[in-house]
Amino acid sequence: MENFGKVFDRVFADKTADHIDTIAGMGRQYFGPDKAFKSSLDRSARRAAWRMIRREEIVDE
């Protein structure tokens, strides 16, 4: 999962930037000076995406 995170985090940041107008408040926090918020959101989204992919591919956790 660690390698997945290296790719996922970059793509997640790009997708977040694409939707910055619709999620302005979250976007300001995500790209703001508080790196803990970004790190926490990245970690949560990465776990959710990993679980979704594994569930769709019918891989046991």
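Rules used in this analysis
Residues numbered from 1 in each chain as written. Predicted model: local features only at pLDDT ≥ 70, side-chain atom pairs only at ≥ 80, totals over all residues. Heavy atoms only, no water. Helix = DSSP H or I, 4+ residues; strand = E, 2+ residues; numbered from the N terminus. Contact = heavy atoms within 4.5 Å. Areas by Shrake-Rupley, 256 points an atom, 1.4 Å probe, with all protein chains shown as cover. Lys, Arg positive; Asp, Glu negative; His and termini not counted. Charge placed at Lys NZ, Arg CZ, Asp CG, Glu CD. Phe/Tyr/Trp six-rings, centres within 6.5 Å; stacked < 30°, edge-to-face > 60°. Buried < 20%, exposed > 50% of the residue type's maximum accessible area, 1.4 Å probe, protein only.

## Concerning the overall build of the protein
Right, so step 1: Scanning the protein from N- to C-terminus turns up three helices and zero strands.
Right, so step 2: Going from the N terminus to the C terminus, the protein shows its helices and strands as α-α-α.
Right, so step 3: Each principal axis of the C-alpha distribution contributes one length, and for the protein these read about 35 × 20 × 15 Å.
Right, so step 4: Sequence separation of at least 24 residues holds for 45% of the intrachain contacts in the protein that already meet a minimum separation of 6.
Right, so step 5: Entry remark: accessible area of the protein is about 4,700 Å², with carbon and sulfur atoms responsible for 55%.
Right, so step 6: Seen as two clouds, the 12 positive and the 11 negative side-chain charges of the protein have centres 4 Å apart.

## Some remarks on the environment of Lys 6
Right, so step 1: Note on placement: Lys 6 falls in helix H1 (residues 2–18).
Right, so step 2: Taking the C-alpha atoms as reference points, Lys 6 and Ala 36, separated by 30 residues in sequence, lie 17 Å from one another.

## A few points about the packing of aromatic side chains
Right, so step 1: Inspection of every chain in the model, using the stated rule, returns five aromatic pairs.
Right, so step 2: On the basis of an interplanar angle of 80° and a centroid distance of 5.9 Å, the ring pair of Phe 12 and Tyr 30 is categorised as edge-to-face. Here Phe 12 is found in helix H1, whereas its partner Tyr 30 is found in helix H2 (residues 24–30), with 18 residues between them in sequence. Each member of the pair, Phe 12 together with Tyr 30, is buried.
Right, so step 3: Through a chain of ring-to-ring contacts, the aromatic side chains of Phe 4, Phe 8, Phe 12, Tyr 30, Phe 31 and Trp 50 assemble into a single cluster.

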